[in-house]
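Inside the fold
Read off the chains here:
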Amino acid sequence: MHKLRTTLSHLYMGAFLIYLIIPLVIMAGAAFNDSKLPSIVPWRGWTLRWFHDLFQDERMWTALFNTMVVALAVAVISIIIGTASAILINSISGRIRTVIYGLMISTILIPGAVIGISTLLMWNKIGVPPGLHLSVLGQVSYIAAMVMLLVLARLQTFDGALEEAALDLGASHGQVMRRILLPHLYPAIGAGGAVAFFQSIENFNVTQFTRGGADTLTVYVFSRVRSGITPTINALALIMITITLMAAVWYELSRRRKERIMLAGMSRDED
Amino acid sequence: MQDLIRRYGAGLTGLMVLLVAFWLLMLVIIPNITLFESSFRPYLPVVEMGGPRDVYSVNNYMKVFDGSVETTILGMTFMVPVHIRTFFLTIWYSVTVTLACFVLAYPIAFYLAKIANPKSVPTLLLLLFVPLWVSEVLRAFAWWIILALKGPLNSLLLSLSLIDKPVRWITDYDAVLIGLVYTYILFMLFPIYNAISSLDTNQIEAAEDLGASRWRIHWRIVLPHSKPGIASGAVMVFMLSAGSLLVPSILGSTTSQWFTQTIQQWMNDALDWNTASAYAFLLLFLCTAFVSLVMWIFRVKLSDIAK
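The subject of this paragraph is the overall build of chain B. Within chain B, the regular secondary structure consists of 14 helices and 2 strands. Based on the C-alpha atoms only, the size of chain B along its principal axes is roughly 80 × 75 × 35 Å. Residues classed as buried in chain B amount to 41% of the 307 residues present. Considering only residue pairs separated by 6 or more positions, chain B has 67% of its internal contacts joining residues 24 or more positions apart.

Before going further, it helps to spend a moment on the overall build of chain A. Scanning chain A from terminus to terminus reveals 11 helices and 0 strands. When the helices and strands of chain A are read in sequence order from the N terminus, they spell out α-α-α-α-α-α-α-α-α-α-α. The C-alpha radius of gyration computed for chain A amounts to 24 Å, which surpasses the reference 18 Å derived for 271 residues by more than 25%, pointing to a less compact arrangement than a globule. Considering only C-alpha atoms, chain A reaches an extent of 75 × 70 × 40 Å along its principal axes. In chain A, which comprises 271 residues, the share counted as buried stands at 39%.

Bringing the packing of helix α12 (residues 259-269) of chain B against helix α13 (residues 273-297) of chain B into the picture now. All names here are of chain B. Packing of α12 against α13 leaves a shortest axis separation of 7 Å and a crossing angle of 160 degrees. Accordingly, the angle class assigned to the pair α12 and α13 is roughly antiparallel. The element α12 and its partner α13 pack so that their crossing is left-handed. Contacts between α12 and α13 involve Phe259, Thr262, Ile263, Trp266 and Met267 on the former and, on the latter, Trp273, Thr275, Ala276, Tyr279, Ala280 and Leu283. The class makeup of the residues in the contact of α12 with α13 is 9 nonpolar, 2 polar and no charged.

This brings us to the interface of chain A and chain B. With 71 residues of chain A in contact, the opposing surface of chain B contributes 70 residues. Take the side of chain A that touches chain B: its biggest share by element is 12 residues, from helix α1 (residues 2-29) of chain A.

This brings us to the confidence of the model for chain B. Scored by pLDDT, chain B has a mean of 87; 97% of the residues are at 70 or more. Scored by ipTM, the complex comes to 0.86, with pTM at 0.88.

The subject of this paragraph is the packing of α1 of chain A against helix α5 (residues 136-147) of chain B. Interaxial distance between α1 of chain A and α5 of chain B falls to 9 Å at its minimum, and their mutual angle equals 75 degrees. Considered as vectors, α1 of chain A and α5 of chain B are oriented roughly perpendicular to each other. Listed contacts from α5 of chain B to Pro23, Leu24, Ile26 and Met27 of chain A of α1 of chain A are Leu138, Arg139, Phe141, Ala142, Trp143, Ile145 and Ile146 of chain B. Here the residues of the contact of α1 of chain A with α5 of chain B are counted per class, giving 10 nonpolar, no polar and 1 charged.

Moving on, we come to the environment of Met122 of chain A. For Met122 of chain A, the location among the structural elements is in helix α5 (residues 112-125). Separated by 18 residues in the primary sequence, Met122 of chain A and Val140 of chain A place their C-alpha atoms 15 Å from one another. If sequence neighbours within four positions are ignored, Met122 of chain A has contacts with Ile30, Pro31 and Thr34 of chain B.

A word on unusual backbone geometry. Across the chain, the bulk of peptide bonds are trans and the bulk of non-glycine residues have phi less than zero. Residue and element names in this part refer to chain B. Despite not being glycine, Ser161 has its phi angle at roughly 60 degrees, a positive value. Relative to the elements of secondary structure, Ser161 occurs in the loop between α6 (152-159) and α7 (174-197). Of note in this structure, Asp172 is not a glycine but carries a positive phi near 50 degrees. With respect to the helices, strands and loops of the structure, Asp172 is situated in the loop between α6 and α7. According to the C-beta neighbour criterion, Asp172 is partly exposed, with 13 such atoms within 10 Å.

Before going further, it helps to spend a moment on the environment of Ser200 of chain A. Residue and element names in this part refer to chain A. Among the structural elements, Ser200 can be located in helix α8 (residues 173-202). In this structure, the C-alpha to C-alpha distance between Ser200 and Val74, residues 126 residues apart in sequence, is 6.8 Å. Setting aside residues up to four positions removed in sequence, Ser200 forms contacts with Val70, Ala71, Val74, Ala75, Gln139 and Ile143.

This brings us to the nonpolar core. All names here are of chain B. In this structure, Ala109, Leu189 and Ala280 are the most contacted members of the largest nonpolar core, which totals 151 residues. Among the elements that line this core, the one with the most residues is α7, at 18 residues. For Ala109, the contacting residues outside a window of four places in its chain are Leu189, Ile192, Tyr193 and Ile196.

Okay, the environment of Met104 of chain A next. Residues and elements named next belong to chain A. Its location among the elements puts Met104 in helix α4 (residues 95-109). By C-beta crowding, Met104 is classed as buried, having 25 other C-beta atoms within 10 Å. For the pair Met104 and Leu149, spaced 45 residues apart in sequence, the C-alpha separation works out to 9.5 Å. Ignoring sequence-local partners within four residues, the contact set of Met104 consists of Ser85, Ala145 and Met148.

Below, the discussion takes up helix α3 (residues 82-115) of chain B. Taking 1.5 Å of rise per residue, 34 residues should cover 50 Å, and α3 of chain B covers 48 Å from first to last C-alpha, within 8% of that figure. The largest bend in α3 of chain B comes to about 35 degrees, at Ala105 of chain B, with the proline Pro107 of chain B one to four residues further on.

What counts and what doesn't
- Residues numbered from 1 in each chain as written.
- Chains lettered and ligands numbered in written order.
- Predicted model: local features only at pLDDT ≥ 70, side-chain atom pairs only at ≥ 80, totals over all residues.
- Helix = DSSP H or I, 4+ residues; strand = E, 2+ residues; numbered from the N terminus.
- Buried ≥ 20, exposed ≤ 12 C-beta atoms within 10 Å, placed from the backbone.
- Contact = placed C-beta atoms within 7 Å.
- Rg over C-alpha atoms; globule rule 2.2 N^0.38 Å.
- Axes fitted to C-alpha atoms, helices over the stretch in contact; angles between N-to-C directions.
- Parallel < 35°, antiparallel > 145°, perpendicular 65-115°, else oblique.
- Left-handed = near helix turned anticlockwise from the far one by under 90°.
- Nonpolar A, V, L, I, M, F, W, Y, C, P; charged D, E, K, R; others polar.
- pLDDT = per-residue confidence, 0-100.
- Core = buried A, V, L, I, M, F, W, Y, C linked by C-beta atoms within 7 Å.
- Expected span 1.5 Å × (residues − 1).
- Bend = angle between axes of the 7 residues up to and from the residue.

Take a look at the structure:
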């Protein structure tokens with residue numbers, strides 16, 4: 001009986017993985033189908049022309065460029081604001097901490113449409129026209145909170161006595177920050193930057209309301225899906241999934257290598 | 001605060017306070033106040049702004065009561081204003097999506113935390129993460145392909161003789177629900193997995209030794225322990241679903257309308273930013289109220305959610 005249950009749970013896990021991955025495979029497969037409509041049935045033979053069409057599409061290249069610029073800006077600003085917020089939150093306590101922390105966290109839950117419209121309205125009122133710069137600000141308003149959470153978690157393992165020691169030995173305030181606190185936070189800041197970058201690429205709701213006339217990749221894909229779709233979008237999807245997979249495999253391999261080094265180190269200790 | 005100044009000096013502390021103030025005031029609080037203020041103003045041509053007709057009123061909010069449609073609830077037919085109907089359907093279907101995500105994800109979370117070989121868990125997690133990194137628009141698009149009338153799902157079912165004519169999947173809200181569950185299920189899975197991981201396996205074994213049934217172990221030990229994770233996942237999935245614009249736009253049919261789509265129509269089609277503000281505020285306010293109510297019922301705090 002116990003055995004059967006375990007087998008069933010393995011099967012369910014397998015089915016769940018298939019459920020997650022099959023749609024992506026089907027979407028990627030349709031990129032090679034020589035059919036005007038994006039699908040894998042009926043199969044009309046292999047072709048690479050959708051990739052060719054994609055690379056010819058000026059609008060896609062502009063959208064890609066815009067996406068990268070926005071994502072980079074969002075990552076940099078979110079890292080700065082998120083790290084500062086984490087350090088600040090970590091050093092205050094009591095009711096004021098609860099209020100400010102709650103306010104910061106709640107930004108993650110605000111619907112993107114609300115963030116987009118409110119950002120547009122406020123900046124429009126003080127004379128800033130819509131455009132991707134507003135998309136950056138709108139995205140930072142909640143992505144900074146994600147960076148803050150990651151950095152805050154890392155701060156819990158920080159030993160404040162190190163800073164005391166540095167100050168006693170005559171370090172300047174800037175040196176304490178740059179040489180002691182920030183190096184400890186770098187892993188979290190790096191992870192935060194990656195999260196911010198990916199979140200920004202994904203974002204649609206905030207961008208849709210603030211972008212003015214400019215395209216980002218998500219907006220471009222969306223407008224292609226709504227109007228006159230051809231499998232060029234599948235070609236783009238395949239490229240994006242491939243990049244994602246390569247990043248994932250690279251991450252997994254480096255993790256395994258680290259594990260092996262750790263194990264090797266331990267077995268040497270035992271000798 | 002004193003401690004910060006002692007460690008990093010007045011200059012750096014001041015800079016950090018300024019950065020946080022910029023974030024919270026300029027990017028969060030003032031935009032939302034502007035949204036709230038605009039929602040009470042009429043939509044006027046530029047020349048009339050600030051003129052005698054530019055007065056506060058609740059007219060924008062009253063627009064939700066315009067234009068009734070016939071709606072059948074539990075066999076009884078009511079006349080319900082169309083936007084109110086859209087709003088309640090959005091909430092109702094978001095709750096459905098949240099429940100479906102929980103039912104599907106809980107066994108996986110338990111499996112990853114307690115049944116799977118610990119050595120293979122990182123690889124499994126990585127495989128689960130891959131779809132999360134693929135953008136939402138592409139995930140919705142993938143289902144648009146699968147669910148098409150002449151798409152792969154119908155051909156598969158036809159060739160297996162499970163159906164004798166193609167099923168129209170993209171009808172009413174059906175495809176929207178399928179797409180939302182697929183898009184947001186991982187936001188349910190990971191918090192529950194984290195919560196169950198912190199449960200001491202000895203507790204489960206002790207209950208087994210004392211003769212508790214499988215259901216009882218889950219009901220009395222695993223579920224109560226993973227409550228913060230479940231609450232966190234449920235709040236995330238609910239807010240993401242209710243606020244989603246991509247999935248309902250791509251997978252919606254002619255008879256489905258999501259509240260965010262209504263907001264977008266006021267904003268981008270009618271160009272009436274003031275009514276769009278009123279509707280956006282309604283979405284924010286009622287979703288927050290709903291989530292607070294659920295959190296109060298389950299006795300979880302906001303700080304539990306952001307773990």
